[in-house]
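Analysis of the macromolecular model
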Amino acid sequence: MNKQRYALKVPKAEKITEEYMVDEAFLIGLCRLEDLKTHEQELVRSMLNEVSIKTGGISWLEPLNQLFDYVKNKIVDGETGRDRHLPSALEGIMLLSKDVPPYIRRYSPQWVKDTDFSHTTASLIYTSDICKRLHLEDELKKIVMSSMIVHDCAYPKVGGYEEFTSEWCRKEHMESAVKEFQRWAAEINRNFKIKRGKEYYTDRDIEQISKIVGQHDNPSLKLDFDYDGLDERLIFIHREADRLWMLNKAGFALDLLREIVEKSRYNPKARLQHVIKDHQEESEKYKKFSDKCEKYNNQPTIYRTWVGFNSFTELIEKIKRDYEIYLE
Ligand SMILES: [Fe+2]
Ligand SMILES: [Fe+2]
C-alpha cells in the first residue's frame, strides 16, 4: 500500500519555489527530534542515575545527570552552533506548504532547534543499550557515558553544512569538548571532595574520557583511532552509538532536511545508500582491530560489536519500510 506523501514548498529566490513530495516518515522523523529533547529525558536520566549510583554517586542529581544538565544548558542556551539556521529555514518552508498537517506546519520549526541535544540523547540511549548487552563493567560504562554526554557539546557557531563538516570545525569541536569536560570534572571533583571526602573522577578516568572525546571524529579527518591506554571496546561503542544516529528515525530525517535546505534535493534512497557506503568505507581507515569489523553485503563496516551491528541492520530495514525503499 502506498503511504501518504506531502508537498513541501521550498523558497529559493524571490517568488521562486521548489516543490518536494516528502514521505510521512520524514515528518514523523522531525517530530521524533522533539521527543528526544522531551519525553526521552526520563529514560536517559534514569540510565545516567543508575551508572552514577554504581560508580560512587548517591542521589538523582549526581554526577552524570549533572553533566547532562550542564551540556543541555550549554547547547540550549545557544552557545554551540550546528543547525542554527534550520528553524527559520523550516519556518519559511512551512509557511508555503499548505498541504502539510497544521500542527506540523506550526510546531516543526521548534523541533529542529538544538539538534545536538537530540543527537546526544539518542546516542546515549544507543550507548547504554550496547553497554548493557555486552555486560560492560560499571567503571567502563562511566567512562563511555561521560564521553558521549560531552562529545558534541562544543560545536563552534557555523553558517551551514559545508562549514560544520569542514576539517577545522571537526577538530575544533573535539578540542573544545575536551576542555569543557576537564573544566566540569575539576568542579564536580571539588564538590565531591567536600561532600563525600573523595573525588568522583580519578585522573585516569579524566585522561581516558579526554582521549575518547578528543579523537571521536578522527575517521572524518581520515585518521584511525589511537587506542593507547584505552580498552578498545570504549572506542568501538562510542563510535558505533554516535554513527547509529545517521540511521535513527530522527537523525535520518534531519539529514534529509539539511539536504533539502542546503543542497536542493530530497532523495531518501540515495541518502540511505550514502550512509551504508559511508559506514562501510570508514572501516578502510581502521588499521587496528579491522579484523573485528562485521560485514554487511560482504563489505566490512565500522561495527565491531555485535550489538551495534544488529542495530545497524535493524535500522536500515526500518528506514526501507518507512520510506518504501527497495535496494537491489
Ligand atoms: Fe562530533
Ligand atoms: Fe556525535
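The paragraphs below set out a description of the structure included in this document. The model shown is predicted, which means the values in this text are computed figures rather than measured ones. (Residues numbered from 1 in each chain as written. Chains lettered and ligands numbered in written order. Predicted model: local features only at pLDDT ≥ 70, side-chain atom pairs only at ≥ 80, totals over all residues.)

**Thoughts on the packing of helix H3 (residues 64-76) against helix H6 (residues 115-133)**
Look at H3 against H6: their axes get within 8 Å of each other, and the N-to-C directions meet at 155°. On the basis of the axis angle, H3 is roughly antiparallel to H6. Contacts between H3 and H6 pair Val71, Lys72, Ile75 and Val76 from the former with Asp116, Phe117 and Thr120 from the latter. Residues belonging to the contact of H3 with H6 are distributed by class as follows: four nonpolar, one polar and two charged. (Axes fitted to C-alpha atoms, helices over the stretch in contact; angles between N-to-C directions. Helix = DSSP H or I, 4+ residues; strand = E, 2+ residues; numbered from the N terminus. Parallel < 35°, antiparallel > 145°, perpendicular 65-115°, else oblique. Contact = placed C-beta atoms within 7 Å. Nonpolar A, V, L, I, M, F, W, Y, C, P; charged D, E, K, R; others polar.)

**Considerations on H3**
With 13 residues, H3 extends 18 Å between its outermost C-alpha atoms, agreeing within 8% with the 18 Å of an ideal straight helix rising 1.5 Å per residue. For H3, every residue scored as buried is listed here: Leu64, Asn65, Leu67, Phe68, Val71 and Ile75. Buried residues in H3, looked at end-on, bunch into an arc of 155°, giving them a common side. For H3, the elements touching its buried residues are helix H2 (40-54), H6, helix H7 (138-150) and helix H9 (167-196). (Expected span 1.5 Å × (residues − 1). Buried ≥ 20, exposed ≤ 12 C-beta atoms within 10 Å, placed from the backbone. Arc of directions from axis to C-beta.)

**Side note on the nonpolar core**
Counting 79 residues, the largest nonpolar core has Ile149 and Leu257 as its most contacted members. Residues in contact with Ile149, not counting those within four places in the same chain, are Leu64, Leu67, Phe68, Val71, Thr120 and Leu124. (Core = buried A, V, L, I, M, F, W, Y, C linked by C-beta atoms within 7 Å.)

**Observations concerning the pairing of strand S1 (residues 5-11)**
The pairing of S1 with strand S2 (residues 17-23) spans seven bridges and is classified as antiparallel. Paired with Ala7 across the bridge in S2 is Met21. What sits between S1 and S2 in their antiparallel hairpin is a turn of five residues, with Lys15 showing a positive phi close to 60°. (Pairing = 2+ DSSP bridges.)

**Quick word on the environment of Lys269**
Position of Lys269 relative to the elements: it lies in helix H13 (residues 268-281). A tally of 14 C-beta atoms within 10 Å means that Lys269 is categorised as partly exposed. In this structure the C-alpha to C-alpha distance between Lys269 and Ile206, which are 63 residues apart in sequence, comes to 42 Å.

**Details of the packing of H6 against helix H14 (residues 306-322)**
The packing of two helices is summarised by the inter-axis angle and the distance between the axes. Their axes nearest at 9 Å, the elements H6 and H14 cross at an angle of 130°. What the angle tells us is that H6 and H14 run oblique. Of the residues in H14, those in contact with Tyr126, Asp129, Ile130 and Arg133 of H6 are Val307, Gly308 and Ser311.

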